[in-house]
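# Residue-level structural notes
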Amino acid sequence: MGYSGWPSGLAWKQVILDALPENIKRIVDGIPRDVAESLEEIRIREGRPMVIHSRGKSYYLGPDGGLWLSPEKAYYVTHRDVQSILQRISNYSIYAVEEELRNGYITLKGGYRVGLAGKAVLEEGKIKTLKYINSFNIRISREIIGAADKVIRYIVSGAQVYHTLVLSPPQMGKTTLIRDIARQLSDGFPGFRGVKVGIVDERSEIAGCFQGVPQNNVGLQTDVLDACPKAEGIMMLIRSMSPAVIITDEIGKAEDVEAIEEALNAGIKIITTAHSSDIGDARRRPILSKILDKKIFQRIIVLGGSLGVGTVEKIYDGHTLNNLLDRPIR
Amino acid sequence: MAFIKILSSLMIVVCCSFLGLQAANAYALRVKELRMLRIAFAHLESEIINYATFLPEAVERVAALLQGAVKEFFYDFSRGLQKRSGDTAAEAWEKALKSWEKHLYITAEDAQILLTFGKVLGASDRESQQRYFQIIQGQLRNQEQRAEEACLKYRNMYRNLGVLSGLALAIILL
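Only a predicted model underlies this, so the values are computations on that prediction, with no experimental measurement involved.

## Describing the overall build of chain B
Secondary structure assignment for chain B yields 6 helices and 0 strands. Ordering the α and β elements of chain B from the N terminus gives α-α-α-α-α-α. A compact globule built from 174 residues should have a C-alpha radius of gyration of about 16 Å, whereas chain B, at 21 Å, is more than 25% larger. Along the first, second and third principal axes, the C-alpha atoms of chain B reach 75 × 30 × 25 Å. Residue pairs in contact within chain B that sit at least 24 positions apart in sequence constitute 66% of those at least 6 positions apart. For chain B, the exposed area adds up to about 9700 Å²; of that, 61% sits on carbon and sulfur atoms. Positive and negative side-chain charges of chain B, numbering 21 and 18 respectively, have mean locations separated by a distance of 7 Å.

Next comes the structure, spelled out in structure tokens:
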């Protein structure tokens, strides 16, 4: 994201500290540097201690940002803190983020996401908004330029891009991977000229749009439909933006499948992801197994953690279901 | 000698009249400011309800449409929000109001109404923001009416009082 003044591992501070009220800011700023550089989540819950997650470990935060393994010396979040955070992350304008509250998260500048929990207000059975918001999950996503280097030659053949499905358990880097795939396909690389890419970013995680502008590098020829439902977004892109490749996150609904087939018929390549640990696991889920049976995808990439977060465990040929890798790569 | 006496008497009359005018004017200016505040809140309501503009920007746009000390007060509030100095919008509002209150002709009661409104500004969904705007418009209209009545009642009185007390003082001193 290239903010000057902060080493890349600490780039999040610029945006996130600004979204926090003074006393919480002081605490977060006091987190020891080595932990701050690999910080993944800051959890803030009213009346409970502040907790951070870093490299798969969790720590309680003391009033000075010190790390504790037990909650006794931790800072306990007050009602006032929670109200201030809500005001600041919404730019003092709760009325302007109604849609985001309904979805349960607010995207900050830089594409960082803050998940929210509170009491749902219903209207005619649908969630109208959240009130009494009392939990925040500040997620520090890191875009990794080059994350797709190791897989890109498996999903591109000459000038052709394969239909690709990325399977992975949560938190194993599938969004990071397809974000970089989007960038590489869009910008091109030696041996491949860039193509038009369309992203349907339902949860604002791939491009991390802030007021519609991508905050992550998703490529020079990439159009992003931010916060748009997948199936409708895919149809919109087909109709109006003539992409060569459509990239979207986490398919799983019946209408997603229809939209994907529509794209196939229009000659557009699809790259998408699903929550699943392997093909066998995916087969047990009705929608995914339907997709697999239709043999829509030509490449199926399986991510895991055997060599650390983001390990590419397997790459299947979608037709023969042969694994193209000898061993996991990272 | 007589010339100096006449001149100083004249000065006394002019000064007293001026003070009287000032006091009378304060009533008229309060009415004007309350009217300006109502216009400001009507614009702000439109920015918030119709366009969902973020508050710092909405306040700045509204300030551009205003005049006088009310304009400066709104600019000050918008700057406070943009600098993100307060933890909440209410804090920034209170700070701006406290520093501009002395430059405004509104009464302490008017200021209290504004202060209360600031506590909810921006801090809820569109629907309830709209209700708050209706409330503040009603309250300000009330205050404006009262201010107009007071203005009619006291403006002439203070004007006359200024001139007359000046004359009285001059006669006593002569």
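## Some details on helix H1 (residues 2-50) of chain B
In this model H1 of chain B runs 70 Å from its N-terminal to its C-terminal C-alpha over 49 residues, within 8% of the 72 Å that 1.5 Å per residue would give. Phi turns positive one or two residues past the end of H1 of chain B, at Ala52 of chain B, with a value near 50°.

## Focus: the environment of Pro56 of chain B
Along the chain, the position of Pro56 of chain B falls in helix H2 (residues 55-64). C-alpha of Pro56 of chain B to C-alpha of Gln82 of chain B: the two residues are 26 residues apart in sequence and 5.8 Å apart in space. Residues contacting Pro56 of chain B, with those up to four places away along its chain left out, are Asn91, Tyr92 and Ser93 of chain A together with Ser78, Leu81 and Gln82 of chain B.

## Digging into the nonpolar core
Counting 86 residues, the largest nonpolar core has Ile42 of chain A together with Phe41 and Phe74 of chain B as its most contacted members. Examining the composition of this core, we find that 10 residues originate from one element, H1 of chain B, more than from any other. Excluding residues that lie within four positions of it along the chain, Phe41 of chain B makes contacts with Phe74, Trp93, Leu114, Phe117, Phe133, Ile136, Gln137 and Leu140 of chain B.

## Re the interface of chain A and chain B
At the interface, 19 residues of chain A touch 21 residues of chain B. For the pair chain A and chain B, the summed buried surface comes to about 1800 Å²; carbon and sulfur atoms form 46% of the total. Three residues stand out in chain A for area buried against chain B, namely Gln87, Tyr92 and Tyr95 of chain A, and they jointly supply 41% of the buried area on that side. At the junction of chain A with chain B, the criterion picks out 3 salt bridges. Put simply, Glu91 of chain B and Arg80 of chain A hold a salt bridge, and the shortest N to O gap is 2.8 Å. Summed over the shared surface of chain A and chain B, the number is 11 residue pairs in polar contact (both at pLDDT 80 or more). At 4 residues, helix H4 (residues 79-89) of chain A tops the list of elements feeding residues into the side of chain A that touches chain B. Per-class residue counts for the side of chain A that touches chain B are 7 nonpolar, 6 polar and 6 charged.

## Section: the domain arrangement of chain A
Residues and elements named next belong to chain A. If you check the domain split of chain A, you get domain 1 (8-139) and domain 2 (149-317). Taking only C-alpha atoms, the centre of domain 1 and the centre of domain 2 are 29 Å apart. Facing the 9 residues of domain 1 at the interface are 10 residues of domain 2. Between domain 1 and domain 2, roughly 760 Å² of surface is buried when both sides are summed, and carbon and sulfur atoms account for 40% of that area. Together, Tyr105, Thr107 and Arg113 form the three largest contributors to the area buried by domain 1 at its contact with domain 2, with a combined 44%. Our count for the domain 1 to domain 2 interface comes out at 2 salt bridges. Among the ionic pairs, Arg113 bridges to Glu205, the shortest N-O distance being 3.7 Å. For the pair domain 1 and domain 2, the interface holds 4 residue pairs in polar contact (both at pLDDT 80 or more). For the side of domain 1 that touches domain 2, the class distribution of residues is 2 nonpolar, 3 polar and 4 charged.

## Some thoughts on the sheet that holds strand S5 (residues 105-107) of chain A
Residues and elements named next belong to chain A. Strand order in the open sheet made by the 7 strands is S4-S3-S2-S1-S7-S6-S5, with antiparallel pairing throughout. Strands at the two margins of the open sheet, each flanked by one partner only, are strand S4 (67-68) and S5. Pairing between strand S1 (residues 39-45) and strand S2 (residues 51-54): 4 bridges, direction antiparallel. Bridging from a neighbouring strand, Ile42 pairs with Ile52 of S2. Against the sheet, H4 touches S1, S5, strand S6 (113-123) and strand S7 (126-139), its axis set at about 100° to S7.

## Considering unusual backbone geometry
Residue and element names in this part refer to chain A. Its identity is not glycine, yet Lys295 carries a phi of approximately 50°, on the positive side. As for its placement among the helices and strands, Lys295 is situated in the loop between helix H11 (286-293) and strand S17 (299-304). Judged by its relative accessible area of 34%, Lys295 falls in the partly exposed class. The backbone phi angle of Leu321 is positive, close to 60°, even though this residue is not glycine. Within the secondary structure, Leu321 sits in the segment after strand S18 (311-317). Classification of Leu321 as partly exposed rests on a relative accessible area of 31%.

## What about the confidence of the model for chain A?
Model confidence for chain A is summarised by a mean pLDDT of 88, while 98% of its residues fall at 70 or above. Considering each helix and strand of chain A separately, the mean pLDDT is smallest for helix H5 (residues 98-103) of chain A, with a value of 84, and largest for strand S15 (residues 245-248) of chain A, with 95.

## A closer look at the packing of H1 of chain B against H2 of chain B
Residues and elements named next belong to chain B. Closest axis-to-axis distance for the H1/H2 pair is 9 Å, and the angle between their directions is 140°. Here H2 runs oblique to H1, going by the angle between their axes. In this structure, the crossing between H1 and H2 has a hand that is right-handed. The segment H1 lies against H2, with Ala40, His43, Leu44, Glu47 and Ile48 engaging Leu55, Ala58, Val59, Arg61 and Val62. Looking at side-chain class alone, the contact of H1 with H2 contains 7 nonpolar, 1 polar and 2 charged residues.

## A word on the packing of aromatic side chains
Inspection of the entire model under this criterion finds 12 aromatic pairs over all chains. Here Phe73 of chain B and Phe74 of chain B contribute two aromatic rings whose centre-to-centre distance is 5.5 Å and whose plane-to-plane angle is 80°, an arrangement assigned as edge-to-face. Three or more aromatic residues joined by ring pairs make a cluster, and in this case those are Phe41, Phe73, Phe74, Phe77, Trp93, Phe117 and Phe133 of chain B. Directly above the ring of Tyr105 of chain A sits Arg113 of chain A, whose terminal nitrogen or CZ lies 4.0 Å from the centroid. Over the ring of Tyr162 of chain A we find Arg299 of chain A, and its NZ or CZ is 4.2 Å from the ring centre.

Cut-offs used in this document
Residues numbered from 1 in each chain as written. Chains lettered and ligands numbered in written order. Predicted model: local features only at pLDDT ≥ 70, side-chain atom pairs only at ≥ 80, totals over all residues. Heavy atoms only, no water. Helix = DSSP H or I, 4+ residues; strand = E, 2+ residues; numbered from the N terminus. Rg over C-alpha atoms; globule rule 2.2 N^0.38 Å. Contact = heavy atoms within 4.5 Å. Areas by Shrake-Rupley, 256 points an atom, 1.4 Å probe, with all protein chains shown as cover. Lys, Arg positive; Asp, Glu negative; His and termini not counted. Charge placed at Lys NZ, Arg CZ, Asp CG, Glu CD. Expected span 1.5 Å × (residues − 1). Core = buried A, V, L, I, M, F, W, Y, C linked by side-chain atoms within 4.5 Å. Buried < 20%, exposed > 50% of the residue type's maximum accessible area, 1.4 Å probe, protein only. Buried area = accessible area lost by both parts, 1.4 Å probe. Salt bridge = Lys/Arg side-chain N within 4 Å of Asp/Glu carboxyl O. Polar contact = N/O pair within 3.5 Å; in protein donor to acceptor, adjacent residues only side chain to side chain. Nonpolar A, V, L, I, M, F, W, Y, C, P; charged D, E, K, R; others polar. Domains from an automatic or database assignment. Pairing = 2+ DSSP bridges. Axes fitted to C-alpha atoms, helices over the stretch in contact; angles between N-to-C directions. pLDDT = per-residue confidence, 0-100. Parallel < 35°, antiparallel > 145°, perpendicular 65-115°, else oblique. Left-handed = near helix turned anticlockwise from the far one by under 90°. Phe/Tyr/Trp six-rings, centres within 6.5 Å; stacked < 30°, edge-to-face > 60°. Lys NZ or Arg CZ within 6 Å of the ring centre and 35° of its normal.

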